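# Structural features, examined
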Amino acid sequence: SSAASDVYKRQELFIRLWNALNSLPEVQGRRVDACVILGKTYSEVAEAEGVDESAVRRAVERGLENMKKYLKKSR
């Protein structure tokens with residue numbers, strides 16, 4: 001496969017992931033972004049938002065599940 005088609009495939013994947021992230025409820029999306037994309041810890045996000053760490057962890061887990069469902073549907 002050519003470099004151009006590899007770039008195109010990566011761009012397509014990025015767009016699909018971005019759309020999946022944007023399909024999430026606001027809190028889930030924000031927490032997935034912080035923990036998965038920006039690499040913050042659950043406790044850092046929990047402290048910044050004034051919530052329990054378990055709430056952040058659950059939101060991220062649910063968010064990732066919802067992203068998987070979205071990506072399966074949008075094939």
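Structural data are supplied above this passage.
Right, let's walk through the structure included here. (Residues numbered from 1 in each chain as written. Predicted model: local features only at pLDDT ≥ 70, side-chain atom pairs only at ≥ 80, totals over all residues. Heavy atoms only, no water.)

## Quick look at the environment of Val-7
With respect to the element layout, Val-7 can be found in helix H1 (residues 3-22). Assessed through its relative accessible area of 46%, Val-7 is described here as partly exposed. Separated by 35 residues in the primary sequence, Val-7 and Tyr-42 place their C-alpha atoms 32 Å from one another. (Helix = DSSP H or I, 4+ residues; strand = E, 2+ residues; numbered from the N terminus. Buried < 20%, exposed > 50% of the residue type's maximum accessible area, 1.4 Å probe, protein only.)

## Some points on a nonpolar patch on the surface
A cluster of nonpolar side chains, namely Val-36, Ile-37, Leu-38 and Leu-64, defines an oily patch on the protein surface of about 360 Å² accessible area. With relative accessibility at 52%, the residue Ile-37 sits in the exposed group. (Patch = residues over 30% accessible without salt bridge, like charges linked within 9 Å, V, L, I, M, F, W, Y side chains within 5 Å. Areas by Shrake-Rupley, 256 points an atom, 1.4 Å probe, with all protein chains shown as cover. Salt bridge = Lys/Arg side-chain N within 4 Å of Asp/Glu carboxyl O.)

## Focus on the packing of aromatic side chains
Per the stated rule, a full pass over the model turns up one aromatic pair. Ring centres of Phe-14 and Trp-18 lie 6.4 Å apart, and the angle between their planes is 10°; on these two criteria the pair is classed as stacked. Here Trp-18 and Phe-14 lie together in helix H1, a separation of four residues that amounts to about one turn. Its relative accessible area of 47% is what places Trp-18 among the partly exposed residues. (Phe/Tyr/Trp six-rings, centres within 6.5 Å; stacked < 30°, edge-to-face > 60°.)

## Observations regarding the pattern of salt bridges
Any two side chains of opposite charge can pair, so long as their charged atoms come close to each other. For the structure on display, the rule yields four salt bridges. The closest approach of N and O atoms between Arg-30 and Glu-49, which form a salt bridge, is 3.0 Å. Remark: Glu-49 occurs in helix H3 (residues 42-49) and Arg-30 occurs in helix H2 (residues 26-37); sequence separation between them is 19 residues. Residue class for Arg-30 comes out partly exposed when judged on its relative accessible area of 36%. One salt-bridge network, in which partners are shared between bridges, spans Glu-26, Arg-30, Arg-31 and Glu-49.

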